[in-house]
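Structural description and commentary
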Amino acid sequence: MKKMLLILALAVVSFANAQKGTILVGGNVGYTSENIDQQTEERKSNSFSFSPKVGYQFHENWTVGAEFAIATSKSKSDAMDSESKYKNLRVGAFVRYTMPLNETFSVFADLGAGFQNRTNKDYMTDILMSDSKADGFYTNLTPALFINMKKGFGLNFSIGGIQYETLKFDENDTKYNSFSFNFGKTVNIGISKNF
């Protein structure tokens, strides 16, 4: 039994050491859909996000790198024939701590921070009513599960995290601060590969 535990421990350590000094390339794709059907109106909202990352794994558990994200959203209200669209662009850095559970599964947490830019457009009966732009900062903490499919290539699964963001709109000096704790409300699926 002791030999078996020693072999298992060596396998986990050798798996973790195999990743040290490698380049991590990965990304997540997210989609959220929401429908609200009230007696007087029906509102629909769809959001899509894509966030690629590139990092260097300098230690068996630690990776640092750059991240980029683009998110779009569209909300429509049938009662007032109105539509809102936004586009959010993020550029920043991240640090990742990975804990291998065995040769197939690992858990990790990403801490990211950076700059963001947002554009909002509101329409009423297909006429542009407002167009606003904002700049700000963001930080987020996202825990996830990594499934190693073959030779460092695998799937990432996350179901939310913690996020704080700020935005300052150009037109009317509006300041926006948001803190969200959205575990279980979103699903992100991604892929990653260590080279």
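Everything that follows concerns the structure shown earlier in this document.
A brief structural summary. (Residues numbered from 1 in each chain as written. Predicted model: local features only at pLDDT ≥ 70, side-chain atom pairs only at ≥ 80, totals over all residues. Heavy atoms only, no water.)

Further remarks concern the pairing of strand E2 (residues 42-57). As paired strands, strand E1 (residues 22-37) and E2 are joined by 16 bridges and run antiparallel to one another. Across the sheet, residue aspartate 37 finds its bridge partner in E2, namely glutamate 42. In this antiparallel pair of consecutive strands, E1 and E2, the connection spans four residues. In this structure, E2 lies alongside strand E3 (residues 62-77), joined through 13 bridges in antiparallel fashion. Looking across to E3, one finds that arginine 43 is bridged to serine 77. Where E2 hands over to E3, the hairpin turn is made up of four residues, counted between the paired strands. (Pairing = 2+ DSSP bridges. Helix = DSSP H or I, 4+ residues; strand = E, 2+ residues; numbered from the N terminus.)

The full count for this structure, using the stated rule, is three aromatic pairs. A centroid spacing of 4.9 Å and a plane angle of 70° characterise the contact between phenylalanine 181 and phenylalanine 183, whose relative ring orientation is edge-to-face. On the basis of relative accessibility, which here comes to 55%, the residue phenylalanine 181 falls in the exposed class. Lying over the aromatic face of phenylalanine 94, lysine 53 brings its terminal NZ or CZ to 4.6 Å of the ring centre. Sitting above the plane of the tyrosine 86 ring, arginine 118 keeps its charged end 4.1 Å from the centroid. (Phe/Tyr/Trp six-rings, centres within 6.5 Å; stacked < 30°, edge-to-face > 60°. Buried < 20%, exposed > 50% of the residue type's maximum accessible area, 1.4 Å probe, protein only. Lys NZ or Arg CZ within 6 Å of the ring centre and 35° of its normal.)

Such coordinate-based values are descriptive only and should not be taken to indicate function.
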